[in-house]
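Chains, contacts and geometry: an overview
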Amino acid sequence: MIDDELQVYPHLDLDASSTATLARVREWMRRNRSAAEWTAAELVAAKRADGADRTISVVLPARDEQETVGDIVATIRAELVEAVPLVDEILVVDSRSTDDTAKVAAAAGARVVHQDAVLPELPPMSGKGEALWKGLAAAQGDLIVFIDADLRNFGAHFVTGLLGPLLTDPGVVFVKGGYERPLVTPDGVVHRGDGGRVTELVARPMINLYWPELAGFVQPLAGEYAARREVLERVPFVTEYGVELGLLIDLLEAAGLDAMAQVDLGVREHRHQSTAALGRMAAQIMLTAWSRLERQGRVVTPEPLNATLLQFDRDERGRARVSDVSVAERPPLASVLADLARAGSADRG
Ligand SMILES: O=c1ccn([C@@H]2O[C@H](COP(=O)(O)OP(=O)(O)O[C@H]3O[C@H](CO)[C@@H](O)[C@H](O)[C@H]3O)[C@@H](O)[C@H]2O)c(=O)[nH]1
Ligand SMILES: O=C(O)[C@H](O)COP(=O)(O)O
């Protein structure tokens with residue numbers, strides 16, 4: 001349940017600027033919606049309203065997700081393709097999996113593409129952001145719904161909830177999922193509200209510091225969001241795990257907060273990564289934030305930031321390991337496709 005009432009502690013003596021920003025965020029949050037507001041059948045009618053019949057692709061980035069991707073694809077297929085004709089395409093982007101992700105996804109009814117096989121004329125990049133950008137390039141739909149492939153409690157309401165505002169409000173171009181995130185420990189104990197460690201320790205403080213208009217996003221790093229194709233094609237995609245923060249900041253600049261919506265999707269459970277892996281993710285997210293601060297002229301970096309992370313094993317040996325935590329960026333897809341088309345027509349003389 002997303003609380004839009006903003007409890008401001010009475011002893012806080014906020015300056016005019018903070019007060020105005022919080023009022024703006026509160027006003028936006030009052031327009032948050034809930035997935036329960038739309039049935040799939042209602043959305044089919046909305047999709048066809050005014051003879052528009054926009055097409056919808058659900059895109060799942062997947063790296064080694066053989067345990068979960070099949071159930072997610074099968075649920076979308078049964079409930080949103082076969083029961084009602086809402087989703088036109090289920091696309092799984094195989095992100096260099098070493099397990100049977102591609103086979104399982106195809107058997108469940110998805111079209112599967114390998115991220116390096118899409119636009120092969122471009123030098124490959126890596127990580128989740130690359131998988132999403134290649135997914136956008138390969139998908140056919142006018143509306144794109146991204147869903148992580150590691151969800152353990154997936155339901156069709158994730159897709160219908162994200163589509164609701166896009167299909168019913170022409171002013172909305174981007175919809176982000178919000179939810180409660182439990183932390184499920186390896187012994188199966190569920191700690192309510194303790195998930196989303198990078199969100200709480202890195203992304204949220206940074207968003208509130210630098211982009212406070214985005215502070216109302218309950219899950220700024222959520223992998224579940226939907227948008228109009230033409231909007232996604234006009235913004236860059238940061239590679240690796242920088243993609244979600246990069247999109248939020250760039251879409252705020254390109255479209256404004258009022259064109260961005262949030263929908264309560266209930267509870268989300270996923271596969272948790274190790275603390276060390278989350279440390280690397282956090283570093284990628286911090287580098288992404290820095291790149292946006294630089295682009296917005298708010299910081300100046302006389303020399304490139306260090307993009308390695310030295311971590312220590314959390315056991316008695318404490319072995320030191322260095323990782324590359326750099327992120328890169330794909331330019332807006334529309335500009336890349338235009339460049340490729342120009343190069344193609346030049347080649348043809
Ligand atoms: O190189 C990669 C890495 C991940 N994934 C897929 O991306 C999804 C999310 O990745 P995951 O490793 O499960 O990320 P989380 O630990 O869940 O991280 C959270 O925070 C990230 C940073 O913002 C977001 O990208 C995620 O969507 C969000 O759930 C999953 O389907 C992965 O299989 C890829 O396709 N390629
Ligand atoms: O979004 C996040 O903060 C990361 O995915 C970590 O989530 P977790 O703490 O639930 O594993």
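A brief look at the structure comes next. All of these numbers come straight from a predicted model, not from anything done at the bench. (Residues numbered from 1 in each chain as written. Chains lettered and ligands numbered in written order. Predicted model: local features only at pLDDT ≥ 70, side-chain atom pairs only at ≥ 80, totals over all residues. Heavy atoms only, no water.)

Some details on the overall build of the chain
Convention followed: Think of it this way: any DSSP run of H or I at least four residues long counts as a helix, any run of E at least two long counts as a strand, and we number them from the N terminus. Note that the radius of gyration is over C-alpha atoms, with the globule rule given as 2.2 Å times the number of residues to the power 0.38. Only protein chains enter the area calculation, which uses a 1.4 Å probe; residues under 20% of their type maximum are buried, those over 50% are exposed, and those in between are partly exposed. The contact criterion used is simple: two residues touch if any of their non-hydrogen atoms lie within 4.5 Å.
Counting its regular elements, the chain contains 11 helices and 14 strands. Relative to a compact globule of 349 residues, whose C-alpha radius of gyration would be 20 Å, the chain shows 20 Å and is just as compact. Taken along the three principal axes of its C-alpha coordinates, the chain extends 55 × 55 × 45 Å. Residue burial in the chain is summarised as follows: out of 349 residues, 48% are buried. Long-range contacts, defined here as pairs at least 24 residues apart, represent 73% of the contacts in the chain between residues at least 6 apart.

Points about the site of ligand 1
Basically, it comes down to this: Proximity is defined per residue: if any heavy atom of the residue lies within 4 Å of a molecule or strand, that residue is considered near it. Polar contacts, as counted here, are pairs of nitrogen or oxygen atoms within 3.5 Å of one another; within protein the pair requires one atom able to donate a hydrogen and one able to accept it, and residues that are adjacent in sequence qualify only if both atoms are side-chain atoms. All amino acids are sorted into three groups, where Ala, Val, Leu, Ile, Met, Phe, Trp, Tyr, Cys and Pro are nonpolar, Asp, Glu, Lys and Arg are charged, and the leftover types, Gly among them, are polar.
Around ligand 1 sit 20 residues in total, of which Glu65, Lys128, Asp148, Tyr241 and Glu244 are the nearest. Within the backbone of Arg63, an N or O atom sits 2.8 Å from an oxygen atom of ligand 1. At 2.6 Å from an oxygen atom of ligand 1 is found a side-chain nitrogen or oxygen belonging to Lys128. Sorting the residues of the shell around ligand 1 by element identifies strand E2 (56-62) and helix H5 (127-138) as the ones contributing at least two each. If one sorts the elements of the shell around ligand 1 by residue count, H5 sits on top with three residues. In terms of residue class, the shell around ligand 1 is built from seven nonpolar, five polar and eight charged.

Observations regarding the site of ligand 2
Defined as follows: For every accessible area listed, the method is Shrake-Rupley and the probe measures 1.4 Å; residues are considered covered only by the protein chains on display.
Lining the immediate environment of ligand 2, one finds Arg181, Gly195, Gly196, Arg197, Val198, Thr199, Leu221, His270, His272 and Leu278. Between ligand 2 and the protein, one listed contact pairs an oxygen atom with a side-chain N or O atom of Arg197 at 2.6 Å. Note that an oxygen atom of ligand 2 is positioned 2.8 Å from one of the backbone N or O atoms of Val198. The protein chains hide 94% of the 320 Å² of surface that ligand 2 would expose on its own. Among the elements that take part in the shell around ligand 2, helix H7 (residues 197-210) stands out by supplying three residues, more than any other. For the shell around ligand 2, the residue count by class is three nonpolar, five polar and two charged.

Overview of the pattern of salt bridges
Rules: What counts as a salt bridge is simple: a side-chain nitrogen of Lys or Arg found within 4 Å of a carboxyl oxygen of Asp or Glu.
Counted by the stated rule, this structure contains 26 salt bridges. Here Arg268 and Asp148 are joined by a salt bridge, their closest N and O atoms 2.9 Å apart. Of this pair, Arg268 sits in the loop between strand E11 (260-267) and helix H10 (275-295) while Asp148 is found in the loop between strand E5 (143-146) and helix H6 (157-168), placing the two residues 120 residues apart along the sequence. Grouping residues by exposure puts Arg268 and Asp148 together as buried. We note a salt bridge from Glu329 to Arg292, for which the minimum N-O separation is 2.8 Å. With Glu329 in strand E14 (residues 329-330) and Arg292 in helix H10, this residue pair connects regions lying 37 residues apart in the sequence.

Some words on the nonpolar core
Basically, it comes down to this: Residues belong to a common nonpolar core when they are buried Ala, Val, Leu, Ile, Met, Phe, Trp, Tyr or Cys residues joined through side-chain atoms within 4.5 Å.
Core analysis: the largest hydrophobic core is formed by 55 residues, its most contacted members being Phe146, Phe174, Val198, Leu214, Phe237, Met260 and Ile285. Per-element accounting of this core gives the leading share, seven residues, to helix H9 (residues 243-255). Among residues more than four places away in sequence, those in contact with Met260 are Trp28, Phe174, Leu214, Phe217, Leu248, Leu251 and Leu252. By size, the runner-up hydrophobic cluster in this structure holds 44 residues, among which are Trp38, Ile56, Ile76 and Val159.

Focus: unusual backbone geometry
Positive phi values are uncommon outside glycine, yet Asp50 reaches one of about 60 degrees. Assignment of secondary structure puts Asp50 in the loop between helix H2 (40-48) and E2. You can call Asp50 exposed: its relative accessible area is 81%. In this structure, Asp53 takes a positive phi of about 40 degrees despite not being glycine. Look at Asp53 and you get partly exposed, because its relative accessible area is 43%.

Worth remembering: the numbers are spatial, not functional.
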